[in-house]
There are 2 protein chains.
Amino acid sequence: MARRGPRTGDVDTRGDILEAARDAFAARGFHAATIRSIAAAADVDPALVMHYFGSKSQLFAASLDIPLPVEGVESIVLADGIDGAGRAIAATFFGIWEVPHRRAGLLAMLGGAFTNETAAAALREFITEAIIRRVAAHVDEPDAEQRLALVASHLVGIAIMRYVVGFEQLRDVDVEELIDLVSPRLQSYLTG
Amino acid sequence: MARRGPRTGDVDTRGDILEAARDAFAARGFHAATIRSIAAAADVDPALVMHYFGSKSQLFAASLDIPLPVEGVESIVLADGIDGAGRAIAATFFGIWEVPHRRAGLLAMLGGAFTNETAAAALREFITEAIIRRVAAHVDEPDAEQRLALVASHLVGIAIMRYVVGFEQLRDVDVEELIDLVSPRLQSYLTG
């Protein structure tokens, strides 16, 4: 059932911006692809991009259909305080990866990073700015960013072994069991 | 300086077998590529393949130029007992990955696994048979193989973040520092 009037126009504009953003991030990476250039490619005002998405990190996440709260990822990760952050990070990560179409987009980007430095840079810059730096600011260790990078590494490694390489011991296990096993090790990087 | 006589013949034969093995593993995976079919492709007797390489796992490792002791990987990993296994695993892993031509071969295989199920199967079957099952036999936990798979995941994830995605917090750090940070977390899967 087609709808008429400004609502339909809005939806198309948002879709046009997302398509321009996907192309720009893939071609130039996260830093080099500016909101201004994405707006120009979608033929809209840069202010409209900010109105819809709020920030470049939000736009990047939306282009992968990844939910990212406007208050920042730390609002989820630290909802139960730093002592619950290991489990919250694992639960958030698998909550995204267990959704097939989200997993497909993330695997395409991660696989692309093996042969395409721009894809690698986009992933690196987004994860560093939107996740690692923001959570590290709440971790009371001198090498907080490095510890968060190790947390991210462990989760990415499990994703590859579960969804790509297909190790039976990780592929055939319930995600809750995986979260129980992994969370204490992630936590030990944050408060250990 | 060219050498003459049977020695040179030996070296070429070994190289022919390795080339046939690389092709066979890439085309059919680790299980389906038999010693017999690899010997046939290299135009040698299967007994000669066993004479040179000892086992299919050894042949697979040699085809990637990865050192694998004939007594099995557990002879390195458990050299200091199970309490030193976390560190021994990390040191062995990075000892291989820090050698550029070995890293290149491993990254090609891992990147290939994203789009090629046979490459994924070869990697999965080799790591399961030659590493996870053999070390798990010495780990006193009911879910030992799963724990070893998580250890492998963490290391593979760090390799991807250090060598592919290029996170500065992992890319620019000395490998000894990385081993110090990671070893206690790997150990906690084995004896924790």
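Scroll up for the structure.
Residues numbered from 1 in each chain as written. Chains lettered and ligands numbered in written order. Predicted model: local features only at pLDDT ≥ 70, side-chain atom pairs only at ≥ 80, totals over all residues. Heavy atoms only, no water.

Student: So, the relation of the copies chain B and chain A: which residues are in play, and what are the values?
Tutor: For the pair chain B and chain A, the best superposition has an RMSD of 0.0 Å and corresponds to a rotation of 180° with a translation of 0.0 Å parallel to the axis. Here the two chains are linked by the operation of a two-fold rotation axis. Residues of chain B ranked by C-alpha distance from the rotation axis are headed by Gly157(B), positioned 1.8 Å from it. (Least-squares fit on C-alpha atoms with pLDDT ≥ 70 in both.)

Student: Describe a negative patch on the surface, with residues and values.
Tutor: A contiguous patch of negative charge, built from Asp12(A), Asp16(A), Glu19(A), Asp23(A) and Asp43(A), is present on the exposed surface. Among the residues examined, Asp12(A) registers a relative accessible area of 46% and is labelled partly exposed. (Patch = residues over 30% accessible without salt bridge, like charges linked within 9 Å, V, L, I, M, F, W, Y side chains within 5 Å. Areas by Shrake-Rupley, 256 points an atom, 1.4 Å probe, with all protein chains shown as cover. Salt bridge = Lys/Arg side-chain N within 4 Å of Asp/Glu carboxyl O. Lys, Arg positive; Asp, Glu negative; His and termini not counted. Charge placed at Lys NZ, Arg CZ, Asp CG, Glu CD. Buried < 20%, exposed > 50% of the residue type's maximum accessible area, 1.4 Å probe, protein only.)

Student: Tell me about the packing of helix α8 (residues 117–136) of chain A against helix α9 (residues 144–164) of chain A, residues and numbers included.
Tutor: Residue and element names in this part refer to chain A. For the pair α8 and α9, interaxial distance at closest approach is 8 Å and the crossing angle is 130°. Classified by the interaxial angle, the pair formed by α8 and α9 is oblique. For α8 against α9, the interelement crossing comes out right-handed. Residue-level inspection shows Ile-132, Arg-133, Val-135 and Ala-136 of α8 in contact with α9, the latter providing Ala-144, Glu-145, Leu-148 and Ala-149. Split by residue class, the contact of α8 with α9 holds six nonpolar, no polar and two charged. (Axes fitted to C-alpha atoms, helices over the stretch in contact; angles between N-to-C directions. Helix = DSSP H or I, 4+ residues; strand = E, 2+ residues; numbered from the N terminus. Parallel < 35°, antiparallel > 145°, perpendicular 65-115°, else oblique. Left-handed = near helix turned anticlockwise from the far one by under 90°. Contact = heavy atoms within 4.5 Å. Nonpolar A, V, L, I, M, F, W, Y, C, P; charged D, E, K, R; others polar.)

Student: Give a description of the nonpolar core that names residues and reports values.
Tutor: Within the largest apolar cluster, 148 residues are counted, with the highest numbers of intra-cluster contacts made by Leu59(A) and Leu59(B). Look past the residues within four positions of Leu59(A) in its chain and what remains in contact with it is Ile17(A), Leu18(A), Ala21(A), Phe25(A), Ile35(A), Ile38(A), Val49(A) and Phe53(A). (Core = buried A, V, L, I, M, F, W, Y, C linked by side-chain atoms within 4.5 Å.)

Student: Summarise the packing of aromatic side chains; cite the residues concerned and give the values.
Tutor: Residues and elements named next belong to chain B. All chains considered together, the criterion is met by 19 aromatic pairs over all chains. An angle of 70° between the planes, with centres 4.9 Å apart, marks the rings of Phe-25 and Phe-60 as edge-to-face. Within this pair, whereas Phe-25 is found in helix α1 (residues 6–32), its partner Phe-60 is found in helix α4 (residues 56–63), the two being separated by 35 residues in sequence. Ring centres of Trp-97 and Tyr-163 lie 5.6 Å apart, and the angle between their planes is 10°; this geometry places the pair in the stacked category. (Phe/Tyr/Trp six-rings, centres within 6.5 Å; stacked < 30°, edge-to-face > 60°.)

Student: How would you sum up the pattern of salt bridges? Please name residues and give values.
Tutor: Summed over the entire model, instances satisfying the criterion amount to 20 salt bridges over all chains. A salt bridge links Arg147(B) to Asp143(B); its shortest N-O distance comes to 2.9 Å. Residue classification places Arg147(B) among the buried residues on the basis of a relative accessible area of 9%. Asp143(B) gets classed as partly exposed once you look at its relative accessible area, which sits at 25%. One salt-bridge network, in which partners are shared between bridges, spans Arg133(A), Glu145(A) and Glu168(B).

Student: Could you give me a rundown of the side chain of Glu74(A), with the residues and numbers involved?
Tutor: Residues and elements named next belong to chain A. Its place among the elements puts Glu-74 in helix α5 (residues 74–77). Taking relative accessible area as the criterion, Glu-74 reaches 15% and is therefore assigned buried. In this structure the side chain of Glu-74 is engaged in a polar contact, spanning 3.0 Å, whose partner is the side chain of Arg-134. Residues within four places of Glu-74 in sequence aside, it is in contact with Ala-79, Arg-134 and His-138. (Polar contact = N/O pair within 3.5 Å; in protein donor to acceptor, adjacent residues only side chain to side chain.)

Keep in mind these values describe shape, not function.
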